[in-house]
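Below are the chains, spelled out letter by letter.
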Amino acid sequence: MNEPSKRDILLLELERERSIRRTARLLYAKRSRIRDELDRLISHLSLLVAVPQKTAEDPQPESDILIEAAKRIDDPIFTDLVIQIIQERNS
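Residues numbered from 1 in each chain as written. Predicted model: local features only at pLDDT ≥ 70, side-chain atom pairs only at ≥ 80, totals over all residues. Heavy atoms only, no water.

## Some remarks on the nonpolar core
Core analysis: the biggest nonpolar cluster contains 10 residues, these being Leu38, Ile42, Leu45, Leu66, Ile67, Ala70, Val82, Ile83, Ile85 and Ile86. Elements with a minimum of two residues in this core: helix H1 (6–43), helix H3 (61–72) and helix H4 (76–90). (Core = buried A, V, L, I, M, F, W, Y, C linked by side-chain atoms within 4.5 Å. Buried < 20%, exposed > 50% of the residue type's maximum accessible area, 1.4 Å probe, protein only. Helix = DSSP H or I, 4+ residues; strand = E, 2+ residues; numbered from the N terminus.)

## What to know about the packing of H1 against H4
Where H1 meets H4, the axes come as close as 10 Å, and the angle between the chain directions of the two elements is 65°. Considering the angle they form, H1 stands roughly perpendicular to H4. Here H1 runs over H4; the crossing is right-handed. Contacts between H1 and H4 involve Arg35, Leu38, Asp39, Ile42 and Ser43 from the first element and Phe78, Leu81, Val82, Gln84, Ile85, Ile86, Glu88 and Arg89 from the second. (Axes fitted to C-alpha atoms, helices over the stretch in contact; angles between N-to-C directions. Parallel < 35°, antiparallel > 145°, perpendicular 65-115°, else oblique. Left-handed = near helix turned anticlockwise from the far one by under 90°. Contact = heavy atoms within 4.5 Å.)

This is how it looks when you write it as structure tokens:
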């Protein structure tokens, strides 16, 4: 007798879906800003730290140093993100 009506259940599901979509939009926007900031950091790496000059043996020492440094902070998700951005920049 005290069962919620189908209309109430539908409204709850609609509110839930709206909340999920709103949260997804916010997460997407935040992810985009984080990627942009990380891309700028990678761009300015040579200004922030001493980077060896490019040589025939190592044409991308900046990328190698950044990848190695990211691996040392023991955060595989962050390291994967850094590597992904570097690969996108080199493509």
